[in-house]
Amino acid sequence: MFLLLTGCIRQVEPPLRSVPKILVVEGGITNDSLSYQLRLTYSGPFRFGNFVPDSLIEEEAIVTIKDDAGSETFMTYHGGGLYKTDDAGFVGVPGRAYSIAIKLPDGKTYVSNAETMPAPVSSNTLSRIDFDFLHYGLKNPSRFKVYADIQDPGSQENYYRWVSESVIPRKATGVRCGFGCIKGEFCQQPSSDTALRYQSDEAINGNTIKDQLVATLPTYWFGRYYLDIGQYSITRSYYQFLRQYEDQTTKTGTILDPMPAPIVGNVFNAADPSDRALGYFSVSSVYHHKVVLLPLSLSEFILQQSASRFIPVGECTIELPNTTELQVPAGFENAEEIRFNW
Amino acid sequence: MLTSLLEAQTYRLTGKVIDAEDGLALKNATVQIRSLNLTAATSDSGTFVLNVPVGTYTILTSHVGYGQKGTTVLIRGDQFIEISARRKPSTELDEVIVNAQISSNRLKESRMGIIRINPEQLKRNPVAFGEPDILRTLTLQPGVTTVGEGAGGFNVRGGNADQNLVLLDGAPLFNTSHLLGFYTTVSPDVAQDITLYKGSLPANYGGRLSSLLNIGIRPGDTAGTRVSGGLSPVSARIFADGATGDKKFRFTTGARVAFPNLMLRLFPQNLKDSRAFFYDLVSKVQFDLDSVHSISLTWYQSFDQFRFDTSTSYEWSSNLLAATYNGKVNQRLNMTVTALQSDFKSDLLGENKNYESKLTSTIQQREAKLNLRYRLAGKSFVDAGANAIRYALGPGSQVPNASGSQVIERKVQTEQGRELAGYINADIAVNEKISVEAGLRYANYAYLGPHDQYTYETSVPKSRESITDTIRHPKGSIVSYGGLEPRLALRFALNSSTSLKAGYHRGQQFLHLVTNSTAISPVDFWKLSDPYLPQQKGDQFAVGIFKNFQGYDASLEGYYRNQLNLLDYRNGATLLLNPAIETALIPAKGYGYGIESSLGKTSGQFTGRLNYSYARSFVRVITPFATEQVNSGNYYPSNSDRPHTLSFQTRVRLRAGWAFNASFVYMTGRPSTFPDGNYSINNTIVTNYSVRNLDRLPDYHRLDLSMSCVTRRYETQKRYSIWNFSVYNVYARANAYSVFFRRQGSSINAYRLSVIGSMIPSVSWNYNF
């Protein structure tokens, strides 16, 4: 009798209503002394996230970042909707408030609420590293998953986000360079992990955030993995934005889903605050925890199973994009090396 | 001459109508002396009073489900008579389950918008996986809807689910759903009467805007101990009732335990790994001090546990205790005194390693109420009374739930409130054609300290950043709200088979359910009106025409309602454990209107009812701040706005106790919010929902069929079974519970979730011995 029973989830094609396009703002400022970036696009009926049509890219905006001390800097356009700061002297300072102004070709000016840059939290101790083995034939490589403990300061509200950058070893078949000689077999490649990982200290204020997943690294071959864990201290408002963003992108349709609603950002039309842009201009500080991971017991047998399809034929630096010869990347000269088994 | 004087003098004929089989008092029985053109209806305790001159008369008594009985009585002075009424043979019991009102009474009652359910008949029509169920039966009636299959609570005439006052023997139930909405927390086995008032509450009741669902637990059977129960694929139920030899002490007790895990494994992927368990227990004892005074005690407990995945589980429980004294002060005056306590507790258990936690919210209502009923001549009576309520709420507290948990203790301030109300309600039969029920209720509510209250800048929306100060209120009243609540019901009989009715109702509600999901869920919590949250207020106007003709009844009702100070929520607001919950709330107002029609065939081999309603319900948020507006501040359809609802139920009596039941329901899909654009953030597509509730889910419709067999062959047969063979959702329609949008790779897709996507055959067995 019960074999007949099933509930179901089916893909459907609901109509998309046509509404005017809305400005989308994505970017922010930190206390890192580097070029800050902002991406300006528009909403539309497109269906694929990695591709925003040219017609929905804003190329002619005038963008200014200001602080509460009266300093400001302009951003210049670099194509693809991306604007960057060029002023190396304009660096975010914790405790100072920052906002953005975006003047569009149609005369409208969008501004963000001024937000104060939180102080960075410099506690970050790796607690464990897992190896997430994916058998060969799958689309994605196996991964290292890196966890950390963070001692939360009890004296203030803290909101965290973790974004990691890494340089990982890669392998190609290489090319013969004589008897017993193969060249171009190994190289290294930068990798970004932008998966959404964020946390509030609301429930644990003053205690330890334990076993927080802070990074994943694709695992193709043996060697040193240079990992830069960016531990961002973000504002409460940005934390709420990220939470809505996650709610929106992980709906399951059950009774516990919150009712659908626009994700409220912090950028709006200066002349009409009810005209809200989508996205967020974030003001965050960052603490970098740089480590070198050296896996010891990784077997070639396992790697051949999981990574063989990612080993191209030819020279490593030629066949794989953005790769370099094996070398210690800048900034990792004094980084702690962690040798580990799993 | 002496004879003439004797004949002119009238004497008081008092009496009590009881069930011949179990000795239970029959309320609302009609008592008539046709030769004197006198009619009375029995009170809750089954008693009646008639003033009659000296003479010999035949007293006719009648009651639904009972045969008409004539009793001859000689009147020479004040006299008391007890009349035993016999139930009709079992084959005549197969009425339709739900009477929009009992046909004969509904033409005579002033009030309309009433749905009465016959609990006995309910057992013969399973609507929830082989089980009879109160709320799921109610949602087949005009004006009563639910937001979806498996959604807790119900909506009456477009109102919110927290606007329904559900009373069990006079005590409020804060949770009405087991298993997230598949079952009602009260089994129909213990119910004696089930009545829903759709926005037309008598002045005796207040505190909710949309409806009153009154469930009375049956007292014990005085004819001897009786055991009944049932078994279905999901649960087992057993109930017993009886009385001592002198029939002064009666009891009812029972339990229901569910084992729904088997069913859950058959659900969609996101539910099939879930685990659930629930039970409910109920006991009632009644002690008759004498023929007109009695004391009863009702105890009820329910518990639910639901585990969605390996990291979170939910537990919620209700506890209820009510003591009632009922007695006659004199022949005309009846008094009822009730003291009760109702508790509801909800726990959310986080089980992630290092973050084990328990989040608890509670509500407790303690209440004392007094009702005096004074019977006037004929069928008229006046009710007057008062009640005092004390609320104690714990909106949320979180504690670590394991050693090593990094979770810290957090607690939102507890809340206290007091509600005092007095009322008078008169039901007057002016003459055979006109009757009026007019009531006035006054309720006063106070939010009590000690309590810390944040103050905010007034020029910007409330937020934690706009807090300007904290006021520490001492013990005592912080703010009070209140007002008069007039109620009016008029009836004008055009002729013996047709009545016109009109009604007006005003209500206030000081208690609010804070929820940001479409349906009631375990993480919702209750909140009292406070300085930032005035009471919800609502008015409802209704008119109707009711007609009976040759085994049929028909009705047409229309209503208009408006409501103020409803709750809405800021986008992205944090509700749980928010110490400044007012920053998450936005006031809203709403209105609704509709027509409800019903046609029933109430006698014969074939009985049935066809209902159709057209109803609309709209809300809009009220805020001076453009950034908080929803749909640019315009009205938009509420979550329970379902314009067209059609239902059809039928029952065909066959031979040898068999009957065929069919039930069909159709509803316009409820409002939903679909995206009106996409954008890219973090190289991920995100959907944008700029306007709320402008789209709709696909229409809902479903056909259920069942065959039932009652093995009772004669009226006094005590041991018998009721077998049900049912098929739920016969043509396997995958009705949409929701349409949601999810990223799949780099694209975004729409999915329709159907909680039940196929037909569900079931067998259940109900027994009596």
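Conventions adopted
- Residues numbered from 1 in each chain as written.
- Chains lettered and ligands numbered in written order.
- Predicted model: local features only at pLDDT ≥ 70, side-chain atom pairs only at ≥ 80, totals over all residues.
- Heavy atoms only, no water.
- Helix = DSSP H or I, 4+ residues; strand = E, 2+ residues; numbered from the N terminus.
- Rg over C-alpha atoms; globule rule 2.2 N^0.38 Å.
- Contact = heavy atoms within 4.5 Å.
- Areas by Shrake-Rupley, 256 points an atom, 1.4 Å probe, with all protein chains shown as cover.
- Patch = residues over 30% accessible without salt bridge, like charges linked within 9 Å, V, L, I, M, F, W, Y side chains within 5 Å.
- Salt bridge = Lys/Arg side-chain N within 4 Å of Asp/Glu carboxyl O.
- Lys, Arg positive; Asp, Glu negative; His and termini not counted.
- Charge placed at Lys NZ, Arg CZ, Asp CG, Glu CD.
- Buried < 20%, exposed > 50% of the residue type's maximum accessible area, 1.4 Å probe, protein only.
- Pairing = 2+ DSSP bridges.
- Axes fitted to C-alpha atoms, helices over the stretch in contact; angles between N-to-C directions.
- Disulfide = S-S within 2.5 Å.

Draft legend 1. Looking closely at the overall build of chain B. The number of helices and strands found in chain B is 6 helices and 49 strands. Here the C-alpha radius of gyration of chain B, 27 Å, is about what a compact globule of 769 residues would show, namely 27 Å. Considered along the principal axes of its C-alpha atoms, chain B spans approximately 100 × 60 × 55 Å. Look at the contacts in chain B between residues 6 or more apart in sequence, and 64% of them connect residues 24 or more apart. Of the roughly 28300 Å² that chain B leaves accessible, carbon and sulfur atoms contribute 57%.

Draft legend 2. How the structure looks around a nonpolar patch on the surface. All names here are of chain B. Where nonpolar side chains cluster on the molecular surface, the patch consists of Leu231, Phe259, Leu654, Trp658, Trp723, Phe725, Val763 and Trp765 and spans about 680 Å² of accessible area. Elements with a contribution of two residues or more to the nonpolar patch: strand 46 (720–728) and strand 49 (760–768). If you trace the backbone, Leu654 turns up in the loop between strand 39 (644–653) and strand 40 (658–667).

Draft legend 3. Up close: a positive patch on the surface. Residue and element names in this part refer to chain B. Positive charge collects at one region of the surface, where Arg366, Arg390, Arg418 and Lys475 lie side by side. One can find Arg366 in strand 25 (residues 357–375). Note on Arg366: relative accessible area 44%, which makes it partly exposed.

Draft legend 4. Region of the structure containing the sheet that holds strand 1 (residues 10–19) of chain B. All names here are of chain B. Judged by pairing direction, the sheet is mixed, and its 3 strands sit side by side in the order 4-1-7 without closing on themselves. Edge strands, defined here as strands with exactly one partner in the open sheet, are strand 4 (47–53) and strand 7 (79–85). Strand after strand, the sheet turns through a mean of 30 degrees between neighbouring axes, direction not considered. Where strand 1 and strand 7 come together, 7 bridges link them in parallel fashion.

Draft legend 5. Structural detail: the state of the cysteines. Residues and elements named next belong to chain A. In total, this model carries 2 disulfides over all chains according to the counting rule given. In this model Cys177 forms its disulfide with Cys181; the gap between the sulfur atoms is 1.5 Å. Handedness of the Cys177-Cys181 disulfide follows from its S-S torsion of about -80 degrees: it is left-handed. For Cys187, the disulfide goes to Cys316, at an S-S distance of 1.9 Å. Between Cys187 and Cys316, the S-S dihedral sits near -55 degrees, and the bridge is therefore left-handed. One end of the pair, Cys187, is in strand 15 (residues 186–193); the other, Cys316, is in helix 3 (residues 316–319), and 129 residues separate them in sequence. For Cys316, a relative accessible area of 0% translates into the label buried.

Draft legend 6. Structural detail: unusual backbone geometry. All names here are of chain B. Omega for the bond connecting Gly449 with Pro450 falls within 30 degrees of zero, at 5 degrees, which places this linkage in the cis form. One non-glycine residue, Ser632, adopts positive backbone phi at about 55 degrees. In this structure, Ser632 sits in the loop between strand 37 (606–621) and strand 38 (636–637).

Draft legend 7. The arrangement of the sheet that holds strand 10 (residues 125–132) of chain A in detail. Residue and element names in this part refer to chain A. As summarised here, the arrangement of the 3 strands in space is 10-11-17, forming an open sheet in which the pairing is antiparallel. With one partner strand each, in any of the chains shown, strand 10 and strand 17 (208–219) form the two edges of the open sheet. Each neighbouring strand pair of the sheet contributes to a mean axis angle of 20 degrees, computed without reference to strand direction. The pairing of strand 11 (residues 142–151) with strand 17 spans 9 bridges and is classified as antiparallel.

Draft legend 8. Spatial organisation of the pattern of salt bridges. The tally for this structure, following the rule as stated, stands at 40 salt bridges over all chains. Two residues, Arg236 of chain A and Glu157 of chain A, come together in a salt bridge whose shortest N-O distance is 3.1 Å. With Arg236 of chain A in helix 1 (residues 236–249) and Glu157 of chain A in the loop between strand 11 and strand 12 (159–171), this pair connects stretches of sequence that are 79 residues apart. Among the ionic pairs, Glu485 of chain B bridges to Arg441 of chain B, the shortest N-O distance being 3.9 Å.

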